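Summary of structural features
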Amino acid sequence: DQRHFVCMKAAILIWAKFRAAGGGGGDGNPNWKGLLKWSLAHSDGTASARQLSDGDRKWFMEAMEAQTVDVIKRMKEITLVMSLPLDVLEAQGVTSEQLEGMLEELQEHVESMDMANDLHSIGGLVPLLSYLKNPHASIRARAAEVVSTIVQNNPRSQELVMEAKGLEPLLFNFASDSDMTVRTKSLGAISSLIRHNKPGTVAFRLANGYAGLKDALISEHTRFQRKALQLLQYLLQENPNDCYVAVELGFTKSLIGLASSSDADTRQAALHALLEIARNGKTDLPSLASDNSQLRQVLECQIQSIHNMDPEDLGSVREECLLLDSLWQHCFNKPSSLRLEGLLVLPSEEEPPPDVASEIFEPVLRAWSNPHLANRQKATTDAKDEVKPLLLGPCSPDGGASGS
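Residues numbered from 1 in each chain as written. Predicted model: local features only at pLDDT ≥ 70, side-chain atom pairs only at ≥ 80, totals over all residues. Heavy atoms only, no water.

So, the overall build of the protein
To keep it simple, the criterion reads: Note on conventions: DSSP H or I runs of at least 4 residues are helices, E runs of at least 2 residues are strands, and numbering of each starts at the N terminus. Buried means the residue's accessible area, taken with a 1.4 Å probe over protein chains only, is under 20% of the maximum for its type, while exposed means over 50%, and partly exposed covers the values in between. Whether two residues are in contact is decided by their heavy atoms, any of which lying within 4.5 Å being enough. Each accessible area value is a Shrake-Rupley result obtained with a 1.4 Å probe; residue values ignore everything except the protein chains displayed when judging cover.
Counting its regular elements, the protein contains 25 helices and 0 strands. In the protein, buried positions account for 38% of the 404 residues. Taking contacts inside the protein between residues at least 6 apart in sequence as the whole, the part at least 24 apart equals 67%. Per element, the accessible surface of the protein, about 23,800 Å² overall, is 53% carbon and sulfur.

Okay, structure coming up:
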């Protein structure tokens, strides 16, 4: 309405003067919401309304359009830059830092599922995938992040990336890149690409992706290990027959080692994967769970560490307690000491909530069957009977009240 127009016009003028004086936000963009709030707070609404002139309306629209970003147009501009050969960009003085910043901006745009799907329509998907082979590690890592954002929970984009053979460079970077950040980001993109995507999962198996996961588990990089464990757990849950593959490739030994990791997330993810293998009976449990086996020693050590914890700290390892107990039962066919000593249930969960209203609203039949309540009610009744009535008027010789 007229009032908001005046406020916005004032805000734009204030911003223009502010920018001319060298002010502005850290990103160089106006804080329209804050300016509008300030304008409304400083307007009493007593000014008489007037009709907007064509000049005012035109000025307002031009000012607003000047501050509005056309996302599709901007994505096309980024696509054009990504399509140019690297030597041309270098000749124009474009640095790897600028290209990385451009990819960061693109990632913000494709967080919208519609924009992610439109990237292919405007010809930007294939140039983006080519950046997975860029000579600069930082650009390869950033490109993998953008791909992960595009395909996450997005079946259409997953299909488009698979058709564009985007899984191949991701698998290569995941298994062979010299930069660990690139390998980690590529694994994250692979995980987003093949989740709930059967063709992607099949392609991952055929490309010997499990061998890459095994190498990731024996690496010394915790974040890389965690991402590999998360993907392994998903694959084993989605297709129990993959437990055969995991056992044959020697995953069990690596998982047992990681089950004693100092990192809680890594430890729990390893226990999850071992439990999936044990549940599906895809391994030689008698030898795996023998008295002197490494698995038994690891489980006993972890269980003992939980026994040594203060009761108020047990809540932080609740999930790990359940995993240890479940794995112990599957391997040794008996409950763990955690279950026998009641450590699977927190004290706050064991205690019932206070019963405030039951004594007041006790059902009749239940009250009769409750000796405690019955005796207390009888005592109350007897106490009432012992109270002598208040006599009004002079007493008669026999102790009764006198008649009127």
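From this point on, the discussion continues.
Section: the packing of aromatic side chains
As a reminder, the rule being used: Note on ring pairs: Phe, Tyr and Trp rings are taken, using the six-membered ring of Trp, and paired if centres are within 6.5 Å. Classes follow the plane angle, with under 30 degrees stacked, over 60 edge-to-face and the rest tilted. Both a distance and an angle decide whether a charge sits over a ring: NZ of Lys or CZ of Arg must be within 6 Å of the ring centre and within 35 degrees of the ring normal.
Inspection of every chain in the model, using the stated rule, returns 4 aromatic pairs. Ring centres of Phe174 and Phe224 lie 6.0 Å apart, and the angle between their planes is 70°; on these two criteria the pair is classed as edge-to-face. Of the two residues, Phe174 sits in helix H11 (residues 167-176) while Phe224 sits in helix H15 (residues 222-238), which places them 50 residues apart along the sequence. The class of Phe174 is buried, set by a relative accessible area of 2%. With 6.2 Å between their ring centres and 90° between their planes, Tyr210 and Phe251 make a pair best called edge-to-face. You can see Tyr210 sitting in helix H14 (residues 209-217) and its partner Phe251 sitting in helix H17 (residues 251-258), a full 41 residues away along the chain. Overall, the relative accessible area of 3% leaves Tyr210 in the buried class. Here Arg195 stacks its cationic end above the ring of Tyr234, 4.7 Å away from the centre of that ring.

Considering the packing of helix H4 (residues 71-83) against helix H7 (residues 113-121)
Note the cut-off: The convention used is that axes are lines fitted to C-alpha atoms, helices contributing only their stretch in contact, and that angles between N-to-C directions extend from 0 to 180 degrees. Orientation labels follow simple angle bins: below 35 degrees gives roughly parallel, above 145 gives roughly antiparallel, 65 to 115 gives roughly perpendicular, and whatever is left gives oblique. By definition, turning the near helix anticlockwise from the far helix through less than a right angle yields a left-handed crossing, and turning it clockwise yields a right-handed one. Only Asp, Glu, Lys and Arg are considered charged in this grouping, and only Ala, Val, Leu, Ile, Met, Phe, Trp, Tyr, Cys and Pro are considered nonpolar; every other residue, Gly among them, is considered polar.
One way to put it is that H4 packs onto H7 with a least axis distance of 11 Å and a crossing angle of 45°. Taken as axis vectors, H4 and H7 run oblique relative to one another. Considering the relative orientation of H4 and H7, their crossing is right-handed. Residues Val71, Ile72, Met75 and Thr79 of H4 lie in contact with H7, whose contacting residues are Met115, Asp118 and Leu119. Taken together, the residues that form the contact of H4 with H7 break down as 5 nonpolar, 1 polar and 1 charged.

Some points on the pattern of salt bridges
Inclusion rule: Each reported salt bridge corresponds to a side-chain nitrogen of Lys or Arg within 4 Å of a carboxyl oxygen of Asp or Glu.
The tally for this structure, following the rule as stated, stands at 13 salt bridges. Linking Glu77 and Arg74 is a salt bridge whose minimum nitrogen-to-oxygen distance equals 2.9 Å. You can see Glu77 and its partner Arg74 sitting in helix H4, 3 residues apart, about one turn around the helix. Taking the relative accessible area as the measure of exposure, Arg74 reaches 28% and is therefore partly exposed. A salt bridge links Arg267 to Glu320; the shortest N-O distance between them is 2.8 Å. Here the residue Arg267 occupies a position in helix H18 (residues 264-279), and Glu320 occupies one in helix H21 (residues 318-332), the gap between them amounting to 53 residues. Each of Glu100, Arg142, Glu145 and Lys185 takes part in a single network of salt bridges with overlapping partners.

Describing the environment of Asn173
Following the sequence through the fold, Asn173 ends up in helix H11. Distance from Asn173 to Ala144, taken between C-alpha atoms, is 9.4 Å for residues 29 residues apart in sequence. When neighbours within four sequence positions are excluded, Asn173 is seen to be in contact with Leu132, Arg140, Val182, Arg183 and Ser186.

A closer look at the packing of H11 against helix H12 (residues 180-194)
Packing of H11 against H12 brings their axes to within 8 Å, and their N-to-C directions diverge by 140°. Accordingly, the angle class assigned to the pair H11 and H12 is oblique. Considering the relative orientation of H11 and H12, their crossing is left-handed. Together, Leu167, Leu170, Leu171, Asn173, Phe174 and Ala175 of H11 and Val182, Arg183, Ser186, Leu187, Ala189, Ile190 and Leu193 of H12 make up the contact between the two elements. Tallied by class, residues from the contact of H11 with H12 come to 10 nonpolar, 2 polar and 1 charged.

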